[in-house]
Amino acid sequence: MKDEARRLWQDISSNSEITAVVYSSGKPNTFIAGADIGDIAAIEDKQTVIPIIQDATDLFQEMKASSLPLVAAIDGPALGGGLEWTLWCDYRICTDSPSTKLGSRRVSAWRSLAAAGTTSNYSALRPISSLFTASNILGPQSKSYLSTVSNATASPSNFDHQHHTCSHPFSTNAATAAIESESKRQYQYFQNVQITSSGVAIVKFDGPKSVNTISFEMKDEARQLWKDLSSNKEIKAVVYSSGKPNTFIAGADIGDIAAIEDKQTVIPIIQDATNLFQEMSKSELPLVAAIDGPALGGGLEWTLWCDYRICTDSPSTKLGLPEVKLGLLPGFGGTVNLPQIVGLQNALDMMLTGKEVRPKQAKKWGLVDEVVSLPSLEKRAVAVAESLANGSMIATRKKKSWMNY
């Protein structure tokens, strides 16, 4: 099925008449139940499955990186690889049918397979494995989960199984609207900006790769986006969050770093990025960072320029500056901003060891201002942004001595 899916994707992506793709099931009350147990049972050497997993991941990354919006229309079980397939899509819709459930019972299996190979093989699958325990299967009623994994629900009667498409009003109210929205996407590294009725702009990082990174291209687009935000008189505050589940920004784009032949060429790039952050910080618009998942390297530095930081209590949320492990130091103002926030001793500990800080410790140090549950993250971030904008809340930093005493 994987090999056929690759051939199908080649046919789809090469067809200039196709402007978007909806994935659904031709079988009533079932989406994809998971991997083929027969294939798994036939594995004698777990090393042989690593290139298979890598090939499948490469296919999903090609799909995600394409300009075609992808929508998943889910009715019935979407388990294991079935759910993973939907997570590569831009929009997910599920029915409210009792048979609809989303989850993975294969976490331990993936971990054992990944342990046999390189960390990169596992990192591509990490977003799914970090969401579930071995018995965690969720239905459409699990609102906190669906706020991340599924964007809408619909009645199963609105599915047209015979023609493998969605019938009215499902398609007009959800799938088509999602396609139209994605097909008019204005940025490559950010979702279209949402502006609330109170004037809070919600900016979501959502680059073409499986995790968000800060590349040279992303920096240039961020500058253009900031021009759009700062020139819009309707916007009173900005919330930065991620459009990808369980990941904020994983750091700088390693490909860009590896391609540097003369280190002198990177100086104006870093200076330009720092100038952008300084422009953002000096503006009258309050900036709030809503963090879920890893905020590492440049990702954490981005949040340090914000007036207020909120993170989730998720096990996947961690904050750090791991550049030292590559022989680098923070380049986007972290060496100045971090000591002012957490004190010199804690800042040096993070910068010189690459230490990652979890939510509870981050709150204790003042690295984040609040720790909330994932379902509350965006709502709380918007509320804080509104309060900062209207003056009912003032962002303050806890005064630190140079030794943190």
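Residues numbered from 1 in each chain as written. Predicted model: local features only at pLDDT ≥ 70, side-chain atom pairs only at ≥ 80, totals over all residues. Heavy atoms only, no water.

**Q** Hey, could you go over the pairing of strand β12 (residues 237–242) for me, with residue numbers and the actual values?
**A** β12 sits mainly inside the fold: six of its six residues count as buried. Burial along β12 is two-sided: A237, V239 and S241 and V238, Y240 and S242, pointing in opposite directions, are all buried. Both strand β11 (residues 200–205) and β12 contribute to a ladder of six bridges, which runs parallel. The partner of I202 across the bridge, within β12, is V239. With three bridges joining them, β12 and strand β13 (residues 287–291) adopt parallel strand pairing. Following the sheet pairing, Y240 is matched in β13 by A289. (Buried < 20%, exposed > 50% of the residue type's maximum accessible area, 1.4 Å probe, protein only. Helix = DSSP H or I, 4+ residues; strand = E, 2+ residues; numbered from the N terminus. Pairing = 2+ DSSP bridges.)

**Q** I'd like a rundown of the packing of aromatic side chains, residues and numbers included.
**A** The full count for this structure, using the stated rule, is 12 aromatic pairs. Here the aromatic rings of F60 and W85 are separated by 5.3 Å at their centres, their planes lie at 80 degrees, and the arrangement is edge-to-face. Of this pair, F60 sits in helix α3 (residues 50–65) while W85 sits in helix α4 (residues 81–87), and the two are 25 residues apart along the sequence. With respect to burial, F60 and W85 carry one shared label: buried. Their ring planes at 55 degrees and their centres at 5.9 Å tell us that F277 and F332 sit as a pair that is tilted. One end of the pair, F277, is in helix α12 (residues 267–282); the other, F332, is in the loop between β16 (318–320) and α14 (334–342), with 55 residues separating them in the sequence. Of the residues examined, F332 reaches a relative accessible area of 16% and is grouped as buried. Grouping aromatic residues by their ring pairs yields a cluster made of Y187, F190, F205, Y240, F248, F277, W302, W305 and F332. (Phe/Tyr/Trp six-rings, centres within 6.5 Å; stacked < 30°, edge-to-face > 60°.)

**Q** Can you explain a nonpolar patch on the surface? Please cite residues and give values.
**A** The grouping of I254, I257, L326 and L328 at the surface amounts to a nonpolar patch, some 350 Å² of accessible area in total. For L326, the position within the fold is in the loop between β16 and α14. (Patch = residues over 30% accessible without salt bridge, like charges linked within 9 Å, V, L, I, M, F, W, Y side chains within 5 Å. Areas by Shrake-Rupley, 256 points an atom, 1.4 Å probe, with all protein chains shown as cover. Salt bridge = Lys/Arg side-chain N within 4 Å of Asp/Glu carboxyl O.)

**Q** Give a detailed account of the packing of α14 against helix α15 (residues 344–353), specifying residues and quantitative values.
**A** Two elements in contact, α14 and α15, have axes separated by 7 Å at closest approach and are oriented at 135 degrees. When the axis of α14 is compared with that of α15, the two are oblique. Considering only the axes of α14 and α15, their crossing is right-handed. Together, G334, T335, L338, P339 and V342 of α14 and L344, N346, A347, M350 and M351 of α15 make up the contact between the two elements. The residue inventory of the contact of α14 with α15, partitioned by class, reads seven nonpolar, three polar and no charged. (Axes fitted to C-alpha atoms, helices over the stretch in contact; angles between N-to-C directions. Parallel < 35°, antiparallel > 145°, perpendicular 65-115°, else oblique. Left-handed = near helix turned anticlockwise from the far one by under 90°. Contact = heavy atoms within 4.5 Å. Nonpolar A, V, L, I, M, F, W, Y, C, P; charged D, E, K, R; others polar.)

**Q** Quick one: what's the story with the sheet that holds strand β17 (residues 356–357), residue by residue and with numbers?
**A** Here three strands make up an open sheet; going across it, the order is β14-β16-β17 and the pairing mixed. Each edge of the open sheet carries a strand with a single partner, namely β14 (294–296) and β17. In the sheet, β16 pairs with β17 via two bridges, with the strands oriented antiparallel. The residue bridging G320 from the neighbouring strand is E356, located in β17.

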